[in-house]
Amino acid sequence: MAASVTAAVGALSRLSRPLYCLHRLVVSSRPDPRLRGPPSHGFGTAAWLQKEQKVVAEASRYKERPWAYLESEEYKERYGSSPVWSGYRRNHKGSIPPQKTRKTCIRGEKVSGNPCPICRDPDIIVHPQNVALLEQFISPHSGMVHDAFLTGVCRKQQKKLQEAITTARDEGLLQFQIPYVEFSGKDYSNSHDAVGSTPRPPALADGDTWYKWYSEIIPDEQEVAKVRKTYKAYLKQSCC
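Every chain is numbered independently, its residues counted from 1 as its sequence is written. For a predicted model such as this one, the threshold for reporting local features is a pLDDT of at least 70, and the threshold for listing and counting side-chain atom pairs is 80 or more; totals across whole chains, interfaces and linings nevertheless cover every residue. Only hydrogens and water are removed before side-chain values are computed, so all heavy atoms of the structure are retained for them.

## Here we look at the nonpolar core
Defined as follows: Put simply, a nonpolar core is a bunch of buried Ala, Val, Leu, Ile, Met, Phe, Trp, Tyr and Cys residues held in one set by side-chain atoms that sit within 4.5 Å of each other. Working definition: with a 1.4 Å probe on protein chains only, accessible area under 20% of the residue-type maximum means buried, over 50% means exposed, and in between means partly exposed. In this description a helix means any DSSP run of H or I spanning at least four residues, a strand means any run of E spanning at least two, and both kinds are numbered starting from the N terminus. Residue contacts follow a heavy-atom distance rule, with two residues in contact if any of their heavy atoms lie within 4.5 Å.
Within the largest apolar cluster, 26 residues are counted, with the highest numbers of intra-cluster contacts made by Val84, Ile118, Leu134 and Phe137. Residue contributions to this core peak at four residues, all from helix H6 (residues 155-170). Excluding its chain neighbours within four sequence positions, the residues that come into contact with Ile118 are Ile124, Val126, Phe137, Val153, Gln157 and Leu161.

In structure tokens form, the structure reads like this:
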């Protein structure tokens, strides 16, 4: 009885294998919906062109005014009042994250699986006039640019951020603190004796020291002997 059941199961599996292979062939022969291109026949060309124009218009609607996206309802629904990098976590192997972010998230037409907070949203454009975006990457306490390890942006976007912040500060769009130095009115020039240049040596006779008080100092003979013993190998021997 058991042998007959085993034989029946084997026969059913052999019959279902060609059907399964045929199903895979039919499924694999279907066109990939992600591949974009004009239809091969004449019908539907106008609809495809309208769709392409709509995609291009949506991609470039914030290109001329990148700061308008941060004021739109779409941005508020997606990010709220939090920065764009808040809650971002990069996929990585192991429990310890890498010390450096990736060089870039987009290479040609290939996008990485987990792009950085700027590369994942095509409407976010780094620009010196996009002040609301730049302020999210500046520390409110120190005024310095957040490190890429904290925000998670790739090194390419981090370089763009630093350049845009520098340009915005030079153009007066971003405020930054300059340390205040209060001058007391003292003379900070180098004309006084404390920081002035060394005067010319006076005309000294043979045997006279530079300072008069130096000749009045009598050194201790025991200390001199101790120093000579310590540096005996380095002292020049007198010919006398």
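The discussion continues.
## Thoughts on the pattern of salt bridges
Quick reminder of the rule: Counted as salt bridges are all cases of a side-chain nitrogen of Lys or Arg within 4 Å of a carboxyl oxygen of Asp or Glu.
Across all of its chains, the model carries one salt bridge by this definition. Between Arg78 and Asp121 there is a salt bridge, with its nearest N and O atoms 3.2 Å apart. Linking Arg78 in helix H3 (residues 73-79) with Asp121 in the loop between strand S2 (110-111) and helix H4 (131-135), this pair joins segments that are 43 residues apart in sequence.

## Examining the confidence of the model for the chain
Applicable threshold: The score called pLDDT rates the predictor's confidence residue by residue, from a low of 0 to a high of 100.
Averaged over the chain, the pLDDT score is 75; the fraction of residues at 70 or greater is 62%. Taken element by element, the predicted model of the chain shows its lowest mean pLDDT in helix H1 (residues 2-28) (47) and its highest in H6 (95). Of the regions scoring below 50 in pLDDT, residues 15-43 engages in seven contacts with residues more than four places distant in sequence or in other chains.

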